[in-house]
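These are the residues of each chain, in order.
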Amino acid sequence: MKEKVITSLKSITDPELGIDIVRLGLIREVIFGEEIVSGEYEYVTVIMTLTSAMCPFADVIVADVVDTITLLEIGECKVELTFDPPWEATPELRLMLGL
């Protein structure tokens, strides 16, 4: 199920960078609550970060995550933002972004 969630989150693109949030490394963890029935859980919590604490698109990205998980019909979606540790682009991403 976690793979299904991660795959669906790949459809969300950071509006500023034009790269999906999974490839950017913004998704830190996906946690499932107790399974109610097969394939449906109390909740799905996505622990994620943003490229910066001052990201102007934070509300949009978080809403997209909630909407995307809600469409999977596997449980209520909760999003927790964390900035510890701060996001850092991988060498591959630096190349893609021309940094």
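Just so it is clear, the model here is predicted, and its values are computed rather than measured.

K.L.:
Looking at this model, I keep getting lost on the environment of Thr 45. Mind explaining?
P.N.:
If you trace the backbone, Thr 45 turns up in strand 4 (residues 43-48). Judged by relative accessible area, which is 6%, Thr 45 ranks as buried. As a C-alpha pair, Thr 45 and Glu 80 span 35 residues in sequence and 7.1 Å in three-dimensional space. Not counting residues up to four positions away in its chain, the partners in contact with Thr 45 are Glu 29, Val 30, Ile 31, Lys 78 and Glu 80.

K.L.:
What is the right way to read the nonpolar core from this model?
P.N.:
When a protein is soluble and globular, its nonpolar side chains tend to lie buried together. Ranked by internal contacts, the top residues of the largest apolar core, which has 24 residues, are Leu 9, Ile 21, Val 46, Met 48, Val 65 and Ile 69. Elements that contribute at least two residues to this core include exactly helix 1 (2-9), strand 1 (27-32), strand 4 and helix 2 (58-72). Per-element tally for this core: the top contributor is helix 2, with five residues. Not counting the four nearest positions on each side in its chain, Val 46 is found in contact with Leu 9, Ile 27, Glu 29, Val 65, Ile 69, Cys 77, Lys 78, Val 79 and Glu 80.

Rules and cut-offs
Residues numbered from 1 in each chain as written. Predicted model: local features only at pLDDT ≥ 70, side-chain atom pairs only at ≥ 80, totals over all residues. Heavy atoms only, no water. Helix = DSSP H or I, 4+ residues; strand = E, 2+ residues; numbered from the N terminus. Buried < 20%, exposed > 50% of the residue type's maximum accessible area, 1.4 Å probe, protein only. Contact = heavy atoms within 4.5 Å. Core = buried A, V, L, I, M, F, W, Y, C linked by side-chain atoms within 4.5 Å.

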